[in-house]
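Working through the structure, step by step
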Amino acid sequence: VLQFLEVAHRMAAIVEGAPLDGGAFEMAAGFRPGLPSPETRR
Amino acid sequence: VSFDAFTPAHRIADQIRTGKVTAETVTGDYLARIATLNPTLNAFTDVTAGRALAQARGIDAARARGEALGPLAGVPFAVKNLFDIEGLPTRAGSKINRERAPASRDGELVERLSAAGAVLLGGLNMGEYAYDFTGENAHDGACRNPHDGARMAGGSSSGSGSATAAGLAPLSLGSDTNGSIRVPSSFCGVFGLKPTYGRLPRTRSFPFCDSLDHLGPFARDVTDLALAYDAMQGPDEHDPACAQRVVEPCLPTLKDGIGGLRIAVAGGHFSTEGMPDAQAAVAAVAKALGAGATVDLAGAGLARAAAFLITNGESAAFHLDRLRARAHDFDPETRDRFLAGAMQPSAWYIQAQRVRRWFHDQVMRVFEDVDLIVAPATPCVAPLIGQKTLELRGETVPLRPNLGIFTQPISAIGLPVVAVPVFGAGLPIGVQVIAAPWREDLCLRAAFALEQAGVCVARPPALG
C-alpha cells in the first residue's frame, strides 16, 4: 500500500506542476470532450 | 465443426439472411469451439448456451416466416463480465460480486446488440474490477493470449481480446478507463474501438471510475467494428455521462478513404525510441496513412498522472465499503492500489481533474491543424504471464502501470480511438488512430484503409 501511495505522491507532484490558469476551475461534472471550458465558471 | 470461425460478422449475417447457413448452426459451432479451446485460453467465465441456441432458433424461425432480420442477425458475440447478463451475477472479475443477486436485465449495450439480431454467447474474463492491464486474475486465472499461450492477453478486457482473436466470437464488448480496450487489442492482434467519452451508454454495467469509463467493441474486421458500433449508438437517459447525441452512423462513410485527411504522428511522450516493436508498427501505419508530420501533445505526461490519480480516487471511494468489510477477498494486486487510493488527499484528485481539462484544451488546439493522430498503443508486445517488470527506454520499471503509458493520456480526455493490429515477424502489437471528439468516423475510415492495404490485418492464431 505504501508503495502505491508513494507512486500516487509522485503523480501528485507532477500534476501540481501543471501550468494552469489560476482562475479556471472546471472539473469532471461538466466535462464534455470537444467543448471549450465554460466562461461562466472562470 | 463445419463453420469457419474466422468469418467476419457481416458475412455471417449475410449468409444467415440468404439462407446459406442457419443461425443455429453458427451458434452451435461457436459453442463447440468454445468448449474445445476455452479450457486453454480461459477467455470465457460464463457460457450462455441455452439462451444463445434459443435466440438463434428464433432468428431462423423469423427468417422462415419472411420477417426482416436485423443487421447482426445470428452473429455471435460475448461481453466482458462487468456487463449485466440477465440471470447471472455481474462479477466484474471479482470474488465478492459473485454473491450479488443475478441481474434482472441485460446491460444496455447487450440489449442494443441483441435488438440488432446478435446472439450472446456469454461473459468474458477480466482483471478484477477492471483495475488491470495484464489479464491476470487471482480468482478466475490468467486469460491467455491465443498467439502464445504463455503470454498475457492484456487487460482489463482480457477475455474480449483473447476470445475475439481466437475466433471464439467475431465480436465482443469491453470497457476502457485507461486503456482496457486498447491494451488487449494490441496484445491479441485485433481491432478495438474506444469511442468518445459519453458516446455509448454504460447503463447496467459495473463501474470502475465513472469520469473515465468508456465501453466499446472488439472485432477482427473493421466493417464489423463499425457495424457493431453503429448498432450501439444513441442517447440513454440512465447514464448521466452519456451525451444525448443522435446516431451518427459510420458505415456509410467507411470506404471513403483517407484522401484529404491531415494525419500526423504523436511525438514527445509518445516517442517509441528504444521500443523496436512499437516503433516498427507506428512507422508502418504512418507510412500507409501518409503521416509525415509529427505533433507534440504537450502535457501528455501530466494527463497520464492525472488519470492515475482520478482512477485511484474515484475507484477507491466506490469500493470503500468492500475494502472495509472484505479486503481479504480482493485480488491482492488490486486491493493494495484501492487501499492507497482511499488515502489520497482530495486536493490531488481536484488538481488532477483541472489538469485533465487543461490538457483537453491543449489537444483541441492541435486538432485545428490535424484530423488524425497516430500513436503507439503499448510499449511492447504481450509480456509473459507473471512478468513483473518492463525495460522501458533503458530503465527497468514495474510492468503493470506502464503498459498504459500511451493509452492513459488519450482516454483521460475522452478522445475516440481505434486500436489497429500490426503483425511483425512474431507477435502482434497495436497502434492508436486518434481523432477529435465525436469523430469516430475518421478513426474507422483510416482503420478500414489500413486493413484494405494489408498493413493492419487480424491474423488468425495457430490454434488446435
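Now for a quick tour of the structure. (Residues numbered from 1 in each chain as written. Chains lettered and ligands numbered in written order. Predicted model: local features only at pLDDT ≥ 70, side-chain atom pairs only at ≥ 80, totals over all residues. Heavy atoms only, no water.)

1. Things to note about the overall build of chain B
Across its full length, chain B carries 15 helices and 15 strands. Taking 464 residues into account, the globule formula puts the C-alpha radius of gyration at 23 Å, and chain B, at 20 Å, falls close to it. Partitioning the intrachain contacts of chain B with sequence separation of at least 6 by distance along the chain shows that 77% fall at a separation of at least 24. About 14,900 Å² of surface is accessible on chain B, with carbon and sulfur atoms providing 53% of the total. A gap of 0 Å separates the mean positions of the 43 positive and 47 negative side-chain charges of chain B. (Helix = DSSP H or I, 4+ residues; strand = E, 2+ residues; numbered from the N terminus. Rg over C-alpha atoms; globule rule 2.2 N^0.38 Å. Contact = heavy atoms within 4.5 Å. Areas by Shrake-Rupley, 256 points an atom, 1.4 Å probe, with all protein chains shown as cover. Lys, Arg positive; Asp, Glu negative; His and termini not counted. Charge placed at Lys NZ, Arg CZ, Asp CG, Glu CD.)

2. A look at unusual backbone geometry
Residues and elements named next belong to chain B. Residue G155 is joined to S156 through a cis peptide bond whose omega torsion reads 10°. Relative to the helices and strands, S156 is located in the loop between β5 (148-152) and α5 (158-165). We note that A130 has phi near 70°; this positive angle belongs to a residue other than glycine.

3. What to know about the packing of aromatic side chains
Given two aromatic rings, their pairing is described by the distance between the two centres and the angle made by the two planes. All names here are of chain B. Scanning all chains against the criterion turns up 9 aromatic pairs over all chains. On the numbers, 5.7 Å between centres and 55° between planes, the contact of Y129 with F330 is tilted. Taken as a pair, Y129 in the loop between β3 (119-124) and β4 (144-145) and F330 in the loop between α10 (320-326) and α11 (332-342) lie far apart in primary sequence, 201 residues in all. Accessibility classification places Y129 together with F330 in one group, the buried group. A centroid spacing of 6.4 Å and a plane angle of 65° characterise the contact between Y129 and F338, whose relative ring orientation is edge-to-face. Taken as a pair, Y129 in the loop between β3 and β4 and F338 in helix α11 lie far apart in primary sequence, 209 residues in all. The same class applies to Y129 and to F338, which are both buried. Every member of this aromatic cluster is reached through a ring pair, and the members are Y129, Y131, F206, F208, F318, F330 and F338. (Phe/Tyr/Trp six-rings, centres within 6.5 Å; stacked < 30°, edge-to-face > 60°. Buried < 20%, exposed > 50% of the residue type's maximum accessible area, 1.4 Å probe, protein only.)

4. Some thoughts on helix α1 (residues 2-16) of chain A
For α1(A), with 15 residues, the first-to-last C-alpha span of 21 Å sits near the 21 Å given by 1.5 Å per residue. Of all the positions in α1(A), only A:L5, A:A8, A:M11, A:A12 and A:V15 are classed as buried. Seen end-on, α1(A) carries its buried residues on one side only, within an arc spanning 115°. α1(A) presents A:L2, A:Q3 and A:H9 as exposed residues on the side facing more than 90 degrees away from its buried surface. Buried residues along α1(A) sit against α9 (300-318), α11 and α12 (346-366) of chain B. (Expected span 1.5 Å × (residues − 1). Arc of directions from axis to C-beta.)

5. Some remarks on the side chain of B:D132
Residues and elements named next belong to chain B. On the secondary structure map, D132 appears in the loop between β3 and β4. Look at D132 and you get buried, because its relative accessible area is 5%. Here G135 takes part through its backbone nitrogen, which lies 2.7 Å from a polar atom of the side chain of D132. Contact partners of D132, with chain neighbours within four places excluded, come to G127, G155, S156, S180 and R400. (Polar contact = N/O pair within 3.5 Å; in protein donor to acceptor, adjacent residues only side chain to side chain.)

6. Focus on the pattern of salt bridges
Considering all chains together, one arrives at 31 salt bridges over all chains under this definition. Of the charged contacts, one joins A:E6 and A:R10 as a salt bridge, the two residues approaching to 3.8 Å between their closest N and O atoms. Residue A:E6 and its partner A:R10 are both found in helix α1; the two are separated by 4 residues, about one turn of the helix. Salt bridges sharing common partners tie together B:R105, B:E108, B:E111, B:R112 and B:R204. (Salt bridge = Lys/Arg side-chain N within 4 Å of Asp/Glu carboxyl O.)

7. Considerations on helix α8 (residues 276-289) of chain B
Residues and elements named next belong to chain B. With 14 residues, α8 ought to run about 20 Å at 1.5 Å a step, and its terminal C-alpha atoms sit 20 Å apart, in line with that. Taken as a whole, α8 has its buried residues at A278, A281, V282, V285, A286 and L289. Taken down its axis, α8 places every buried residue within 130° of arc, on the same side. Turned more than 90 degrees off the buried face of α8, the exposed positions are P276 and K287. Looking at the packing, one finds that the buried side of α8 touches β9 (263-266), β11 (372-376), β14 (417-423), β15 (428-435) and α15 (440-452). G290 sits one or two residues past α8 and shows a positive phi near 65°.

8. Re the layout of surface pockets
Rolling a probe over the atoms, with the probe sized like a water molecule, indicates the empty space that remains. Reported here for the largest pocket is a volume of approximately 770 Å³. Lining the largest pocket are 32 residues, and of these A:V7, B:F308, B:P398, B:P401 and B:N402 sit closest to its centre. Put simply, the parts of the chain that give the lining of the largest pocket at least two residues each are α1 of chain A together with α9, α11 and α13 (399-402) of chain B. Of the voids in this model, the second largest pocket is the one considered here, and its volume is about 290 Å³. Along the wall of the second largest pocket there are 17 residues; nearest its centre are B:P8, B:R11, B:R220, B:D221 and B:E451. Mapped onto the lining of the second largest pocket, the elements with two or more residues apiece are α1 (9-17), α7 (222-232) and α15 of chain B. (1 Å grid on protein atoms, 1.4 Å probe; cavity = no way out; pocket = protein on both sides within 12 Å on 5 of 7 lines; lining within 4 Å. Points joined across faces, edges and corners; volume = space filled by probe spheres on them.)

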